[in-house]
Amino acid sequence: MGPHLHWSERARVTRIRRSYRSAAAVLALTLIVLGSGGGGDAGSAAARPAAVSTPPGTVLAVGGATGARAIPAGFVGLSIEYRAVESYAGRDPQALDPVFEQLVRNLAPGQQPVLRIGGDSTDWTWWPVPHMLRPPGVKYALTEQWLQVTNALSAALDAKLILGVDLEADSQRVAAAEADALVGGLGESRVQALEIGNEPELYGSFSWYRNRAGRFITGRRPGYDVADFTHDFSNMASALPHVALAGPSTGSLAWMKQLKSFVTAEPRLGLVTLHRYPLKRCVSTDHVTAGELLAPASTAGLANSVVADVAIARARGLPVRIDEMNSVSCGGERGVSDTFASALWSLDALFQMARVGVDGVNIHTTPRALDQLFTFRQVDGAWQGEVQPEYYGLMMFAQAAPAGSQLLALSGVTGDSLRTWATLAPDGHIRVALINTSTAGARLIRVRAPAATGPAALELLDAPSVHATSGVTLGGQSFGPETATGLLAGPPPTAELTPVAGDYLVNVPAGSAAMLTLSRP
């Protein structure tokens, strides 16, 4: 598309290209099936390039359950900062942003979503304590209005909350006042856990505030370690309301290696929380690429990094939640976090975390950051939301892995560029997710599922390219440039596959994902 095109013409061309790409994927299946003995017309010329370019189909055999834990309810949740609550939900508890509400529900349909509120703002936030000066590192004060908005939001969503409590201030009075206000204002039944502190491994090296002389001051001494944190955690825990506590809220692999000592020392710990980002861009000299994000190390490798921690937590009967995760740390990377590559990454990464037994994942989103999932604005009192590419990947996972689903064994396909997953849902449907991270060409897969019968539904997660920042579709539908409902819009395609000699032939275009939904007798 040349720069001389008006924006409306560019949008029209993008739609045409996307429609061609999706139609080619579906019509190519028709050509393949009919050419294998289905009979009838061979289809339109528009499908021929995709059909001709695909290699002979590779068999992907769907087997029995892997033995991994069933997908827990509320597996996919969000992580947001304290300030972001009103940015997303609005400031009127009687008129919350319905678009945001629906976008949360989409990720946990028919379930209680888990919303984590904290992140960096955990240690920058307080509930003002009478006759006490604001701690120097605190930048944000909670208010009655904030409590009312959050209470209304959690009630509307029937959500469970993980709430950060300031540890860096190193004050029982500050921590107790904040925790009492949160639990009292939101209700004990809503609070899944109070998370004491955020990424304490950084307390001794990252500044908490700048003093009057302009010097950056850290919250703890250099060399602050797991033993110091465990002591501080226990000290704060003794002053907090008697609800479950969460921690260590760390993203450090070195600290995670000492998880056993922490969980052994904390009798009130009810939830182990860890943070994982596959890539880092925290200084201007750091740069990452979409190719790095789509590499196995960023999905399978990321999940493998918590295997030992899951085992340690399980041995003590504790659930494990990756309650802060996204593509690139420190707010993301332009041209990576804000592109369709992040959608393919998130889809695979969530499956990988389920594979290793994690109980849930909260994707971190911050307004105006490059890795934000959505933005909102009000026009004449009506809310409008702009949904970013990564969200579509989260939504396909929610469809592919309903609560209670079992991961199924797969065999027959090799190669790093094609990621394959299958689930058996409580309703008896088998869903097969195929993620083609290659930009070189389509993949033709012969899905063989002896337990399935009859026609299967096909859904494509697609975009003009892995580098696209718009034009994403899921099942032929999208949220468009803006959405007033938080629901996918557009006529859904009627892509239905009939097995040929027991195989379902699926053509997965380069840089896209497909989901096949099969029925059992």
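What comes next concerns the included structure. (Residues numbered from 1 in each chain as written. Predicted model: local features only at pLDDT ≥ 70, side-chain atom pairs only at ≥ 80, totals over all residues. Heavy atoms only, no water.)

## A look at the overall build of the protein
Moving on, step 1. Looking only at helices and strands, the protein has 14 helices and 26 strands in total.
Moving on, step 2. Looking at the protein residue by residue over its 521 residues, the buried ones come to 55%.
Moving on, step 3. Put simply, the protein shows about 20,900 Å² of open surface, and 54% of that area lies on carbon and sulfur atoms. (Helix = DSSP H or I, 4+ residues; strand = E, 2+ residues; numbered from the N terminus. Buried < 20%, exposed > 50% of the residue type's maximum accessible area, 1.4 Å probe, protein only. Areas by Shrake-Rupley, 256 points an atom, 1.4 Å probe, with all protein chains shown as cover.)

## Here's the deal with unusual backbone geometry
Moving on, step 1. The omega torsion of the bond from glycine 247 to proline 248 falls at 5 degrees, within 30 degrees of zero and hence cis.
Moving on, step 2. Along the chain, proline 248 turns up in strand E10 (residues 245–250).
Moving on, step 3. Its identity is not glycine, yet aspartate 158 carries a phi of approximately 55 degrees, on the positive side.
Moving on, step 4. Following the sequence through the fold, aspartate 158 ends up in the loop between helix H5 (144–157) and strand E6 (160–165).
Moving on, step 5. You can call aspartate 158 partly exposed: its relative accessible area is 37%.

## Some words on the state of the cysteines
By definition, a disulfide is the covalent link that joins the sulfur atoms of two cysteine residues.
Moving on, step 1. Here the structure, examined in full by the defined rule, presents one disulfide.
Moving on, step 2. The disulfide partner of cysteine 282 is cysteine 330, and the gap between their sulfur atoms is 1.8 Å. A torsion of 80 degrees about the S-S bond marks the disulfide between cysteine 282 and cysteine 330 as right-handed. Highlighted residues: cysteine 282 in the loop between strand E12 (279–280) and helix H10 (290–293) and cysteine 330 in the loop between strand E14 (328–329) and helix H13 (340–355), separated in sequence by 48 residues. (Disulfide = S-S within 2.5 Å.)

## Some details on the environment of aspartate 371
Moving on, step 1. Counting through the fold element by element, aspartate 371 comes out in the loop between strand E15 (360–364) and strand E16 (374–379).
Moving on, step 2. The exposure class of aspartate 371 is buried, given its relative accessible area of 3%.
Moving on, step 3. Expressed as a C-alpha distance, the spacing of aspartate 371 and glutamate 333, which sit 38 residues apart in the sequence, is 7.5 Å.
Moving on, step 4. If sequence neighbours within four positions are ignored, aspartate 371 has contacts with Asn326, Val328, Gly331, Gly332, Ser337, His364 and Glu390. (Contact = heavy atoms within 4.5 Å.)

## Details of the packing of H5 against helix H6 (residues 172–186)
Moving on, step 1. The geometry of H5 relative to H6 is characterised by a closest axis approach of 9 Å and an angle of 45 degrees between their N-to-C directions. Taken as axis vectors, H5 and H6 run oblique relative to one another. The crossing of H5 and H6 is right-handed. Residues Trp146, Leu147, Thr150 and Asn151 of H5 form the contact with H6, whose own contacting residues are Ala181, Leu182, Gly185 and Leu186.
Moving on, step 2. For the contact of H5 with H6, the per-class residue count stands at five nonpolar, three polar and no charged. (Axes fitted to C-alpha atoms, helices over the stretch in contact; angles between N-to-C directions. Parallel < 35°, antiparallel > 145°, perpendicular 65-115°, else oblique. Left-handed = near helix turned anticlockwise from the far one by under 90°. Nonpolar A, V, L, I, M, F, W, Y, C, P; charged D, E, K, R; others polar.)

## Quick notes on the pairing of strand E26 (residues 512–519)
Moving on, step 1. Of all the eight residues making up E26, seven are buried; the element is thus mostly covered by neighbouring parts of the structure.
Moving on, step 2. Where strand E20 (residues 430–436) lies against E26, seven bridges are found, and the strand directions are antiparallel. The partner of asparagine 436 across the bridge, within E26, is serine 512.
Moving on, step 3. Strand direction decides the pairing type here: strand E22 (residues 453–462) and E26, joined by six bridges, are antiparallel. Within the sheet, the bridge partner assigned to glutamate 459 lies in E26 and is methionine 515. (Pairing = 2+ DSSP bridges.)

## Some remarks on the side chain of glutamate 201
Moving on, step 1. The topology assignment puts glutamate 201 in the loop between strand E7 (191–196) and strand E8 (207–210).
Moving on, step 2. Buried within the structure, glutamate 201 lacks any salt-bridge partner; arginine 276 is the closest side chain of opposite charge, at an N-O distance of 7.6 Å.
Moving on, step 3. Reaching out from glutamate 201, the side chain makes a polar contact with the side chain of threonine 250 at a distance of 2.9 Å. (Lys, Arg positive; Asp, Glu negative; His and termini not counted. Salt bridge = Lys/Arg side-chain N within 4 Å of Asp/Glu carboxyl O. Polar contact = N/O pair within 3.5 Å; in protein donor to acceptor, adjacent residues only side chain to side chain.)

## As for the packing of aromatic side chains
Moving on, step 1. Here the structure, examined in full by the defined rule, presents 20 aromatic pairs.
Moving on, step 2. Measuring from centroid to centroid gives 5.3 Å for tyrosine 88 and phenylalanine 100, while their planes differ by 25 degrees, and the two rings are stacked. Taken together, the positions of tyrosine 88 in helix H3 (residues 84–89) and phenylalanine 100 in helix H4 (residues 98–106) put the pair twelve residues apart, joining distant regions of the chain. Judged on exposure class, the residue tyrosine 88 and its partner phenylalanine 100 are both buried.
Moving on, step 3. Geometrically, the ring pair formed by phenylalanine 374 and phenylalanine 376 is tilted, given 5.2 Å between the ring centres and 45 degrees between the ring planes. Phenylalanine 376 shares its class with phenylalanine 374; the two are buried.
Moving on, step 4. Put simply, the rings of Tyr88, Phe100, Phe374, Phe376, Tyr391, Tyr392 and Phe479 pair up and form one aromatic cluster.
Moving on, step 5. Sitting above the plane of the tryptophan 124 ring, lysine 139 keeps its charged end 3.9 Å from the centroid. (Phe/Tyr/Trp six-rings, centres within 6.5 Å; stacked < 30°, edge-to-face > 60°. Lys NZ or Arg CZ within 6 Å of the ring centre and 35° of its normal.)

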